[in-house]
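The chain contents come next:
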Amino acid sequence: MSGQEDSSHQWMGGFGKLGGCVCSPTRKARASVGDYHHLPLGDGNVTSAEAPLLESAQLFPLMETKLYKRRWVMLFLFSIYSMSNAVMWLQFGIISNIIMRFYNISALAIDWLSMIYFLTYIPLILPVMWLLDNRGLRDVVVVGSAFNCIGAWIKTGTADPDMFAMTFFGQFVCSVATVYILGIPSRLASLWFGQQEVSTACSIGVLGNQMGIAIGFLIPPILVPNVDDVNELAHHLRIMFYISAGVATVIFILVVIVFQERPEIPPTQAQAQARNIAPEEYSYTASILRLLRNKPFMLLVVSYGLNVGCFYAVSTLLNRMIIEHYPGEEVNAGRIGLTIVIAGMVGSLICGIWLDKTKTYKQTTLAVYILSLIGMLIYAFTLNLGHLWVVFITAGVLGFFMTGYLPLGFEFAVELTYPESEGTSSGLLNCSAQIFGIIFTISQGKIIDNWGTLAGNIFLCIFLLIGTVMTGLIKSDLRRQKANLQAEVQTVSPAGSESSVQEYGATECSIPWQRQS
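Below, the structure is looked at part by part. Quick caveat, the model's predicted, so the values are computed rather than measured.

## As for the overall build of the protein chain
Step number 1: What the protein chain contains, in helices and strands, is 20 helices and 4 strands.
Step number 2: Relative to its full complement of 517 residues, the protein chain shows a buried share of 59%.
Step number 3: Nonlocal contacts in the protein chain, meaning residues at least 24 apart in sequence, comprise 85% of its contacts between residues at least 6 apart.
Step number 4: In the form shown here, the protein chain has an accessible surface area of approximately 20000 Å², with 65% of it arising from carbon and sulfur atoms.

Spelled out as structure tokens, the structure:
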């Protein structure tokens, strides 16, 4: 847990104040840094693309960066916590026909057991983002896992036909936990992971939620078979509820004992700069206003909401769409949902690794968006062919791209908004997704009831097309990459040496360099 890994690190030369250490350079240091800062374009190892950064860069104290092995433990804990919450999101929707009969309620009431997750998020996201910025990552994760555990235990007492109101209340409490989850992957990745793995880490954080959705598709139809006897059905529901509550309890205990706020030494120069901002210089309200005035980011907010809102609608209404064309196939409906999510998990991981390798955020996001639209069109026109194996294939293609888009949106947002809080940018993305999720789920449900599944899916395709166009209009301003590139450029002297910057940082600031073992 306390081990550390060596990693490649970049350094920023200059002077300023950091962590209580006031750096006052000697004349020699000033001269060497000054000579470096005014390098002619194209000199030495500085490329023409890097030169503007060099000329405009403000120099900062040298900072040590480290990667800790326990970063993977933090990521794993968050992932299983997110997984537990996602299971409970869909544990009713995928067996909607059974739940409707057991509680004697309408299809819309069943849909609201899923949509309550979307509705709760909208008013609570701003205070939770404030809590994340002011109290930190650990407090948010602990509180969220507590809500998740409490909601799961409330539902253990609701396996009775007259207890739907209490079931809904338990689902509401679990939905509050979601507000403490969805904006965390990019924040956790930035706090704990290095520049070359941050997108992969964010993808893995998203994978936890997707794994929960996959389990939510697969397990409920197995645990709760479509039987006629109400008492037997109540018994099966009770088993499902107690399993969920037990898992949520174990995860809550682990989070309280093990989960940490952040590493002692930052993993990247971008994080080192972010830690340099004094608390009194940061205004939460001003940060929100800056984000709302950031046109590329706002385009991403809307396009992200359209894509993920479509995914939420498909996930919520999947059972209804499958049962309409393939009656009695509740278990296969769950398996199709599982296929969507498993394919999406592979897509998420591949997209994250690809971003870490190429840093082509806009190009990758646009390509995946276009392929999501194509996948949705294929799924819409093949659903009613009468062959379940075709549905499995087309649903897998749809899931690979539509779910694979999730970490792309998070990481692109962080790039467009750096150095604003990752939790704030992710929160606004998810708020958009929840709003569109409610609109699309209700609208598509009504369209399916009146005109069938094809019309409902074409409805979603129209909005995916709009989102594709909006993604193409986003200006790719990769601010976090510029900050890290700036660090790389500032370590290069005209002769290809790092001596002047190293001498200044090591002797005058007394900041330790990376220890090699």
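## As for the pattern of salt bridges
Step number 1: The final tally for this structure, using the stated rule, is 5 salt bridges.
Step number 2: The shortest N-O distance in the salt bridge between glutamate 197 and arginine 71 comes to 2.9 Å. Within this pair, whereas glutamate 197 is found in the loop between helix 8 (184-192) and helix 9 (198-223), its partner arginine 71 is found in helix 3 (residues 71-90), the two being separated by 126 residues in sequence.
Step number 3: Owing to a relative accessible area of 2%, arginine 71 belongs among the buried residues under this scheme.
Step number 4: Arginine 320 is the salt-bridge partner of aspartate 111, the closest N and O atoms lying 2.8 Å from each other.

## Here's the deal with the packing of helix 6 (residues 137-155) against helix 7 (residues 164-179)
Step number 1: Interhelical geometry of helix 6 versus helix 7 gives an angle of 165° and a closest axis separation of 7 Å. The angle between helix 6 and helix 7 places the two elements in the roughly antiparallel class. When you trace helix 6 past helix 7, the crossing you get is left-handed. Touching Gly144, Phe147, Asn148, Ile150, Gly151, Ala152, Ile154 and Lys155 of helix 6 are Met166, Thr167, Phe169, Gly170, Gln171, Val173, Cys174, Val176 and Ala177, all from helix 7.
Step number 2: The residue inventory of the contact of helix 6 with helix 7, partitioned by class, reads 10 nonpolar, 6 polar and 1 charged.

## Some details on helix 10 (residues 230-258)
Step number 1: The end-to-end C-alpha separation of helix 10 is 42 Å, in line with the 42 Å expected for 29 residues at 1.5 Å each.
Step number 2: Summarising the contacts, the buried residues of helix 10 are in contact with helix 3, helix 4 (96-103), helix 6 and helix 9.

## Some remarks on the packing of aromatic side chains
Step number 1: Scanning all chains against the criterion turns up 22 aromatic pairs.
Step number 2: Plain terms: the ring middles of tryptophan 89 and tyrosine 312 are 5.5 Å apart, the flat faces sit at 75° to each other, and that makes the pair edge-to-face. Residue tryptophan 89 is located in helix 3, and its partner tyrosine 312 is located in helix 13 (residues 295-325); the two are separated by 223 residues in the primary sequence.
Step number 3: For tyrosine 312, a relative accessible area of 10% translates into the label buried.
Step number 4: Taken together through their ring pairs, the aromatic side chains of Trp89, Phe118, Phe311 and Tyr312 make up a single cluster.

## Considering helix 18 (residues 453-472)
Step number 1: Taking 1.5 Å per residue, 20 residues should reach 28 Å; helix 18 reaches 29 Å between its end C-alpha atoms and fits that length.
Step number 2: Along helix 18, the positions that sit buried rather than exposed are Thr453, Gly456, Asn457, Phe459, Leu460, Cys461, Leu464, Gly467, Thr468, Met470 and Thr471.

## Observations concerning the nonpolar core
Step number 1: Core analysis: the largest hydrophobic core is formed by 135 residues, its most contacted members being Leu188, Phe259, Met376 and Tyr379.
Step number 2: When residues of this core are assigned to their parent elements, the largest contribution, 15 residues, is made by helix 13.
Step number 3: The residues contacting phenylalanine 259, other than those within four sequence positions of it, are Met74, Leu77, Phe78, Leu137, Arg138, Val141, Leu188 and Leu254.

## Here we look at the side chain of asparagine 430
Step number 1: Note that asparagine 430 resides in helix 17 (residues 422-451).
Step number 2: The buried category is assigned to asparagine 430, whose relative accessible area is 1%.
Step number 3: With residues near it in sequence (within four places) discarded, asparagine 430 still touches Tyr121, Leu182, Gly183, Tyr304 and Phe410.

## What about empty space enclosed by the protein?
Step number 1: Taken as a whole and judged by the stated rule, the model has 4 cavities of 30 Å³ or more.
Step number 2: What lines the largest cavity is a set of 24 residues, and nearest its centre among them are Leu182, Asn209, Gln210, Ile213 and Tyr312.
Step number 3: Going through the elements one at a time, helix 3, helix 5 (107-135), helix 9, helix 13, helix 16 (388-417) and helix 17 are the ones with two or more residues in the lining of the largest cavity.

## Quick notes on a nonpolar patch on the surface
Step number 1: Together, Ile370, Leu371, Ile374 and Ile378 make up an exposed nonpolar region whose accessible area comes to about 290 Å².
Step number 2: Residue position: isoleucine 370 is located in helix 15 (residues 361-382).
Step number 3: The partly exposed category is assigned to isoleucine 370, whose relative accessible area is 36%.

## Quick notes on the environment of leucine 131
Step number 1: By the secondary structure assignment, leucine 131 is in helix 5.
Step number 2: Spatially, the C-alpha atoms of leucine 131 and tyrosine 180 are 9.7 Å apart, while their sequence positions differ by 49 residues.

What counts as what
- Residues numbered from 1 in each chain as written.
- Predicted model: local features only at pLDDT ≥ 70, side-chain atom pairs only at ≥ 80, totals over all residues.
- Heavy atoms only, no water.
- Helix = DSSP H or I, 4+ residues; strand = E, 2+ residues; numbered from the N terminus.
- Buried < 20%, exposed > 50% of the residue type's maximum accessible area, 1.4 Å probe, protein only.
- Contact = heavy atoms within 4.5 Å.
- Areas by Shrake-Rupley, 256 points an atom, 1.4 Å probe, with all protein chains shown as cover.
- Salt bridge = Lys/Arg side-chain N within 4 Å of Asp/Glu carboxyl O.
- Axes fitted to C-alpha atoms, helices over the stretch in contact; angles between N-to-C directions.
- Parallel < 35°, antiparallel > 145°, perpendicular 65-115°, else oblique.
- Left-handed = near helix turned anticlockwise from the far one by under 90°.
- Nonpolar A, V, L, I, M, F, W, Y, C, P; charged D, E, K, R; others polar.
- Expected span 1.5 Å × (residues − 1).
- Phe/Tyr/Trp six-rings, centres within 6.5 Å; stacked < 30°, edge-to-face > 60°.
- Core = buried A, V, L, I, M, F, W, Y, C linked by side-chain atoms within 4.5 Å.
- 1 Å grid on protein atoms, 1.4 Å probe; cavity = no way out; pocket = protein on both sides within 12 Å on 5 of 7 lines; lining within 4 Å.
- Points joined across faces, edges and corners; volume = space filled by probe spheres on them.
- Patch = residues over 30% accessible without salt bridge, like charges linked within 9 Å, V, L, I, M, F, W, Y side chains within 5 Å.

So, to be careful, I would describe these as geometric facts and stop short of saying anything about function.
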